[in-house]
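Results of the structural survey
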Amino acid sequence: MSSPWHSRTVATVLDELHSSLHGITAREAVARLERFGYNELTRGQRWTFVRALVGQFRSPLALVLVGALIVTLLLSEYADAVVLVIALCINVGASVAQEARASKIFEALEATQAPTAEVVRQEEHKIIPIRELVPGDVVELAGGHVVPADVRIFEAQGLHVNESMLTGEWHPVEKSEALEPETAPKNARKNMAWGGTVVVAGRGRGVVVETGAHSTIGTIATLALHAKDEHTPLSASVRRLATVISLLILAVLAAIFIVGLLRGTAVAEMLLISVAVAVSAMPEGLPAAVTITLALGMESILRRGGLVRGLLATETLGATTVILVDKTGTLTEGAMRIAHLYTARTLEHAGGVDHPDNRALIEMAVLASDAFVEHAAEGPVFRGRPVERSIIECGYANGIEQQKLFTQGHERLDFVQFESVRRFALSLNANPVGAYRVYASGAPEPLLAQATHCFSAGGARILDKETREHFMAVQRDGAAQGQKFLAVAYADTREKKITDDARGGTLEQLVFVGLLAIADHVRKDVPDAIREVEGAGVRIMMLTGDYPETARAVAHEVGINAEKMLTGEEMEQLSDEALATKLASCTVLARVLPEQKLRVVRVLKKHGEVVAMTGDGVNDAPALTAAHIGITVGSGTDVAKEAGDLVLLDNKFSTIVSAIREGRRVVDNLRSIVTYLLSTSASEVMVIGSALVMGTPLPLLPTQLLWTNIIHEGFMSIPYAFEPARTGVMREKPRGLGEAILTRKLGVLITLVSIGGSALLIGFYGWLLMAHLPAETMRSVMFVALSITALSFALSLKDPSNPLWRIPLLNNRSLLVSLSISIGILVLSVTLAPMRELLSLTTFPIQFALYLLGFAVANIVLIETLKVVARRFS
């Protein structure tokens, strides 16, 4: 190519790409996808078995095991070396399997959140995944869309793009189709829209010139590719805890090593003992447990219709104290339907499109709409925002098709999207009877206020005071029943572009055509979901741009007390402190503008609330970003989805409830894992340390200690991640955001259980010493006893808050399978001759099996007693 895209005419660009203003064919798109590849950025390294395997040998535990293996080989302790190899294989294998599971979850989540683009292929509008775009595709750009690739613009109508991600300048850049000098810098190329930037206003159309790694953002990504860090406050808390515990263990090991040497134990034996204790006591699995548990939480939320866009959201959801929920599409079905039509001649008896004036009203609403029909093999698919879609559907059902109107003398020449400040959209169309006509579609109040005439009997007449008030009364009455109203008006003009005055909201000689009453029924699951959320200590606040009457009607229907309502106008009169006081008891905010939503979020956060907020528009993005959890509906704009942390794929409010429950379950399960690992580790260290201090023979050999570690930690910690939510988890108050994983209550429990469990083990060992058993027999019994202690912990600590007899033991199959595997390995270890020899174990008299059974019962009774004590003293 002799010159860059921005300095070439549209005709030259299209010729170069073998495309046209009407796009390429579907067959050509398939061929180009084969040639150019998918429109996606250069990716970081994906998970592979080999990469994960190599990565495992960078972990502290693997390094300790490798070091121990080298020591045993140097000392010719080949049996111990075999045990270490097996321990290393099991530990590394388990970690790799966990990583593989997490990787599959993340890939599934990534596939689910694939964004889409609106393309024109041979004059047919289609919605396709962005990754399937190819050079030569003609794309539509509109406010709220993310630019899907590098695009040479050939049509721009008030098109403004935010390019801050590339330039750092937040101010939107106005785009045009005009040629630019070849030497123009990137930020001055107004006829180019760069992939990944955001359309904030207007509409445009252009041809895709570069995709994927060849796009501007793709080039940058290729040069500076960094893996995304998914560390969260909770995972950071766990890492800090693991570090502190590891340092304590090192100190204890140093003490054990010194005491052993002073007692005359050989250096080689003490090295092996120290390594074994280090492996058993080190909580190295904690950081990995965080990732897999949070990933499983994300997967669970996805199955319930919610796409979590980051690990942080899963954790934070459980701490939510206030949900700011939008009415339309979340509390309501979002399936808008035109219920009634009102024109000056049908005010008294609203009807359908059988009346000529009503039919004209629908026709003008269709001309003013930015929704469209996509003709698919299975039938027509209506695309656009819910309200706009309802207009196009109603028109289509009555033989009024937008595309046909455009080709029958009503060609669209310019378009300005709906904006919250102006409160209506504008469409400039050709008029078959002469000149041009600007159609306005949006909130009734500004259009009624400016209108000088009304549409009647196919023409215009003066809008008198009585008719104006009648329209307002119809709107008030319908709003009280929960209906939404859209007004349509028009103004004839000779201008071929929408004027700056019109863009600013001022229209002259405006003719008010009529009102469309749109019904949107409340979702059936919402009332029960709201009761459950409020029972969990989470406040619900409904924010809507609708009238107070509409808001009150919907709030009453879903079970929100609307007695204390605040409007956007009232908010403007309040200071932040006064607003905070009002928000403490307010449940419904009506006629709220997007910037006011942002203010509400900031005020609530300032006063210690953990805020989740729902939204779907471009203007909602700042508030969604400011909230702790931004929640967007699946039908929302691309910008809103990018700003959000949770996407409701099915738009259901009950999905938020499921996500909160899942967030609380995840934190509960992580705490169970921490409690279990620290309790078992501390018990093992205390038992070995006590034996060395007292100068008695070691209760376990290093290889035996390593093997017991495999039996419990290798199989019994991660299954806690699959633990279902506790029955009462949604009847508890939200936990504090950033609250440490190891709470005071858990700290007390771990301390008591560790001391109690090790005391019982030490007592049992003392009894065995007094029985004067052979050393091998005694250690074999202690090997089983230590394993029993760990397995008893696994059952009782399944739910640290409740006694064992109230814990449903059959609701976590993963835990039961792991328990069965651990018991099976334990049985084989003491019954299978080759394994007994490997572990230096021996058979013992049958009565000791009964003693061990009694020991197991005593263990469970002790742990359950200590759980009660911990609840009382914490």
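Computed from a prediction, not measured in an experiment: that's the story for all the values here.

**Some remarks on the overall build of the chain**
Along the chain, the regular secondary structure elements total 32 helices and 25 strands. Going through the 874 residues of the chain one by one, you find that 54% of them count as buried. Within the chain, counting contacts between residues at least 6 apart in sequence, those at least 24 apart form 72% of the total. For the chain, the exposed area adds up to about 37,100 Å²; of that, 58% sits on carbon and sulfur atoms.

**A word on the packing of helix H19 (residues 526-535) against helix H26 (residues 653-694)**
Geometry of a packed helix pair, given as the angle between the helix axes and the separation of the axes. Relative to each other, H19 and H26 sit at 30 degrees, their axes nearing to 9 Å. Here H26 runs roughly parallel to H19, going by the angle between their axes. Judged by the sense of rotation from one axis to the other, the crossing of H19 with H26 is left-handed. Residue-level inspection shows Val526, Ala529, Ile530, Glu532 and Val533 of H19 in contact with H26, the latter providing Phe653, Ser654, Val657 and Arg661. Here the contact of H19 with H26 is built from residues that sort into 6 nonpolar, 1 polar and 2 charged.

**Thoughts on the packing of H26 against helix H28 (residues 744-770)**
One way to put it is that H26 packs onto H28 with a least axis distance of 8 Å and a crossing angle of 40 degrees. With respect to their mutual orientation, H26 and H28 come out oblique. When the axes of H26 and H28 are compared, the crossing they make is right-handed. Listed contacts from H28 to Arg671, Val674, Thr675, Leu678, Ser679, Ala682, Ser683, Met686, Val687, Ser690 and Met694 of H26 are Leu746, Leu749, Ile750, Val753, Ser754, Ile755, Ser758, Leu761 and Ile762. In the contact of H26 with H28, the residues fall into 13 nonpolar, 6 polar and 1 charged.

**As for helix H13 (residues 356-368)**
For H13, with 13 residues, the first-to-last C-alpha span of 18 Å sits near the 18 Å given by 1.5 Å per residue. Taken together, the buried positions of H13 are Asp357, Asn358, Ala360, Leu361, Ile362, Met364, Ala365, Val366, Leu367 and Ala368.

**Looking at the side chain of Arg665**
Within the fold, Arg665 resides in helix H26. For Arg665, a relative accessible area of 9% puts it in the buried group. When residues no more than four places from it in sequence are discounted, the contact partners of Arg665 are Leu296, Gly297, Ala721, Phe722, Glu723, Pro724 and Ala725.

**Observations regarding a nonpolar patch on the surface**
A grouping of Trp767, Met770, Leu850, Tyr851, Leu853, Val857 and Val861 is seen on the molecular surface, where their side chains present a nonpolar patch of about 730 Å² in accessible area. Looking at the nonpolar patch, the elements with two or more residues in it are H28 and helix H32 (846-872). Per-element accounting of the nonpolar patch gives the leading share, 5 residues, to H32. Relative to the elements of secondary structure, Trp767 occurs in helix H28. Residue classification places Trp767 among the partly exposed positions, given a relative accessible area of 35%.

**Let's talk about the pattern of salt bridges**
Opposite charge on two side chains makes pairing possible when the charged atoms of those side chains draw close. Counted under the stated rule, the structure contains 21 salt bridges. Of the charged contacts, one joins Asp464 and Arg461 as a salt bridge, the two residues approaching to 3.4 Å between their closest N and O atoms. Via salt bridges that share partners, Glu140, Arg203 and Arg205 belong to a single interconnected network.

**Re the sheet that holds strand E24 (residues 629-633)**
In space, the 8 strands of this open sheet follow the order E8-E25-E24-E23-E9-E20-E22-E21, with mixed pairing throughout. The open sheet has two free edges, formed respectively by strand E8 (306-308) and strand E21 (565-567), since each of these has just one partner strand. In this sheet, adjacent strand axes meet at a mean angle of 20 degrees when their direction is disregarded. As judged from the 3 bridges shared by E21 and strand E22 (residues 588-590), these two strands associate in the parallel manner.

**Some details on the pairing of strand E3 (residues 138-142)**
E3 sits mainly inside the fold: 5 of its 5 residues count as buried. Going residue by residue along E3, you find Val138, Glu140 and Ala142 tucked away on one face and Val139 and Leu141 tucked away on the opposite face as well. Here strand E1 (residues 116-121) pairs with E3 via 2 bridges, running antiparallel. Bridge pairing in E3 links Val119 to Val139.

**Side note on the nonpolar core**
Grouped together as the largest cluster of nonpolar side chains are 38 residues, with contacts concentrated most on Ile323, Met542, Ile560 and Phe653. With 5 residues, the single largest contributor to this core is H26. With sequence-adjacent residues up to four places away left out, Ile323 is seen in contact with Val533, Val538, Arg539, Ile540, Met541, Ala612, Phe653, Ile656 and Ile660. If you look at the next biggest cluster of nonpolar residues, it comprises 33 residues, including Val687, Leu839, Phe855 and Ala856.

**Some thoughts on the environment of Arg476**
Position of Arg476 among the secondary structure elements: in helix H17 (residues 465-480). Arg476 sits in the partly exposed class, given a relative accessible area of 45%. Taking the C-alpha atoms as reference points, Arg476 and Tyr547, 71 residues apart in sequence, are found 8.4 Å from one another.

**Remarks on the environment of Thr751**
Looking at where Thr751 falls in the secondary structure, it is placed in helix H28. Of note is the side chain of Thr751, whose polar atom sits 2.8 Å from the backbone oxygen of Gly747.

**Some details on the packing of aromatic side chains**
Within the structure shown, the criterion is met by 8 aromatic pairs. Measuring from ring centre to ring centre gives 5.0 Å for Trp767 and Tyr851, while their planes differ by 90 degrees; the resulting arrangement is edge-to-face. Of this pair, Trp767 sits in helix H28 while Tyr851 is found in helix H32, placing the two residues 84 residues apart along the sequence. We classify Tyr851 as partly exposed; its relative accessible area is 37%. When the centroid spacing of 5.2 Å and the interplanar angle of 85 degrees are considered together, the rings of Phe848 and Tyr851 count as edge-to-face. Placement of the pair is Phe848 and Tyr851 together in helix H32, with a separation of 3 residues, close to one helical turn. Three or more aromatic residues link up through ring pairs in this structure, and these residues are Phe764, Trp767, Phe848, Tyr851 and Phe855. Positioned over the ring face of Tyr38 is Arg131, at 3.7 Å from the centre of the ring. One Lys or Arg, Arg437, reaches over the ring of Tyr490 and ends 3.8 Å from the middle of that ring.

**A closer look at the confidence of the model for the chain**
For the chain, the mean per-residue pLDDT works out to 80, and 82% of the residues sit at or above 70. Across residues 223-232, where pLDDT falls below 50, the model places 11 contacts with residues more than four positions away in sequence or in other chains.

**Remarks on unusual backbone geometry**
Although it is not a glycine, Arg423 sits at a positive phi angle of roughly 75 degrees. Residue Arg423 is classed as partly exposed on the basis of its relative accessible area, which comes to 25%. Phi at His772 takes a positive value of approximately 55 degrees, unusual for a residue other than glycine. Locating His772 in the fold gives a position in the loop between H28 and helix H29 (775-796).

**Digging into the pairing of strand E19 (residues 511-519)**
Burial within E19 is extensive, with 9 of its 9 residues counted as buried. As judged from the 6 bridges shared by strand E10 (residues 337-343) and E19, these two strands associate in the antiparallel manner. If you follow Ile338 over to E19, its bridge partner there is Ile518. Relative to E19, strand E16 (residues 453-456) runs parallel, the two sharing 2 bridges. Bridge assignment links His453 to a residue of E19, and that residue is Val511. The pairing of strand E18 (residues 484-493) with E19 spans 7 bridges and is antiparallel.

Conventions we followed
- Residues numbered from 1 in each chain as written.
- Predicted model: local features only at pLDDT ≥ 70, side-chain atom pairs only at ≥ 80, totals over all residues.
- Heavy atoms only, no water.
- Helix = DSSP H or I, 4+ residues; strand = E, 2+ residues; numbered from the N terminus.
- Buried < 20%, exposed > 50% of the residue type's maximum accessible area, 1.4 Å probe, protein only.
- Contact = heavy atoms within 4.5 Å.
- Areas by Shrake-Rupley, 256 points an atom, 1.4 Å probe, with all protein chains shown as cover.
- Axes fitted to C-alpha atoms, helices over the stretch in contact; angles between N-to-C directions.
- Parallel < 35°, antiparallel > 145°, perpendicular 65-115°, else oblique.
- Left-handed = near helix turned anticlockwise from the far one by under 90°.
- Nonpolar A, V, L, I, M, F, W, Y, C, P; charged D, E, K, R; others polar.
- Expected span 1.5 Å × (residues − 1).
- Patch = residues over 30% accessible without salt bridge, like charges linked within 9 Å, V, L, I, M, F, W, Y side chains within 5 Å.
- Salt bridge = Lys/Arg side-chain N within 4 Å of Asp/Glu carboxyl O.
- Pairing = 2+ DSSP bridges.
- Core = buried A, V, L, I, M, F, W, Y, C linked by side-chain atoms within 4.5 Å.
- Polar contact = N/O pair within 3.5 Å; in protein donor to acceptor, adjacent residues only side chain to side chain.
- Phe/Tyr/Trp six-rings, centres within 6.5 Å; stacked < 30°, edge-to-face > 60°.
- Lys NZ or Arg CZ within 6 Å of the ring centre and 35° of its normal.
- pLDDT = per-residue confidence, 0-100.

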